[in-house]
Amino acid sequence: MPVTAVHLMNNDVLPTFEAQGARIDTVLSGNGREFYGWPDRHPCELFLQLEEIEHRTTKVRRPQSNGFVERLHRTLLDEHFRGMGRKKLYDSIEAMHKDPDAYLVGYNPALQHPSVYAIEEKRFC
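All values reported here derive from a predicted model rather than from experimental measurement. (Residues numbered from 1 in each chain as written. Predicted model: local features only at pLDDT ≥ 70, side-chain atom pairs only at ≥ 80, totals over all residues. Heavy atoms only, no water.)

Caption draft 1: Seen up close, helix α2 (residues 43–50). Buried residues of α2: C44, E45, F47 and L48, and no others. In an axial view of α2, the angular spread of the buried residues amounts to 165 degrees, which keeps them on one side of the axis. Check the buried side of α2 and you find it contacts α1 (2–19), β1 (26–29) and β2 (54–57). Positive backbone phi, approximately 55 degrees, marks E52, located one or two places after α2. (Buried < 20%, exposed > 50% of the residue type's maximum accessible area, 1.4 Å probe, protein only. Helix = DSSP H or I, 4+ residues; strand = E, 2+ residues; numbered from the N terminus. Arc of directions from axis to C-beta. Contact = heavy atoms within 4.5 Å.)

This is the structure:
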């Protein structure tokens, strides 16, 4: 839902970046109805305009243009959801959210992409 995308950006994403002293200039999203529509009517488009954030969309039927997210989705499916789905029965949405959140806390620092190290080395040289 477009309102959910706006809510997430406004309440979670922007405050997280602002707390780090960073500003979001551009957002890359898919072409789904939750992100993309008439610029003068769509809630997500209007929100991004108000925040002065450029909105770019991926090419249709071209997952390579959003490869990082596609790879994360595949990793979550393979390493977490397919395994946990066989081991555990969830009784609520909240309980279902706790396991992937805990998984990502361990996953993110442990498996940084090699390009992150190259960027960090350039920064300190």
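Still more ground to cover, so stick around.
Caption draft 2: Molecular detail of the pattern of salt bridges. Counted according to the given criterion, the structure contains three salt bridges. Among the ionic pairs, D25 bridges to R23, the shortest N-O distance being 3.9 Å. The residue R74 makes a salt bridge to D78 at a minimum N-O spacing of 2.8 Å. One end of the pair is R74 and the other is D78, both in helix α3 (residues 67–87) and four residues apart, which spans about a single turn. In this structure D78 comes out as partly exposed when scored by relative accessible area, which is 35%. (Salt bridge = Lys/Arg side-chain N within 4 Å of Asp/Glu carboxyl O.)

Caption draft 3: How the structure looks around the packing of α1 against α2. One way to put it is that α1 packs onto α2 with a least axis distance of 8 Å and a crossing angle of 30 degrees. The angle between α1 and α2 places the two elements in the roughly parallel class. On the side of α1, the interface is formed by P2, A5, V6, M9, N10 and L14, while α2 contributes P43, C44, F47 and L48. (Axes fitted to C-alpha atoms, helices over the stretch in contact; angles between N-to-C directions. Parallel < 35°, antiparallel > 145°, perpendicular 65-115°, else oblique.)

Caption draft 4: Summary view of the nonpolar core. Residues A5, V6, M9, L14, I24, V27, C44, F47, L48 and I53 constitute the largest nonpolar core, which totals 10 residues. Listing elements by their share of this core, those giving two or more residues are α1 and α2. Ranked by residue count, the leading element in this core is α1, at four residues. Excluding residues that lie within four positions of it along the chain, A5 makes contacts with E34, F35 and C44. (Core = buried A, V, L, I, M, F, W, Y, C linked by side-chain atoms within 4.5 Å.)

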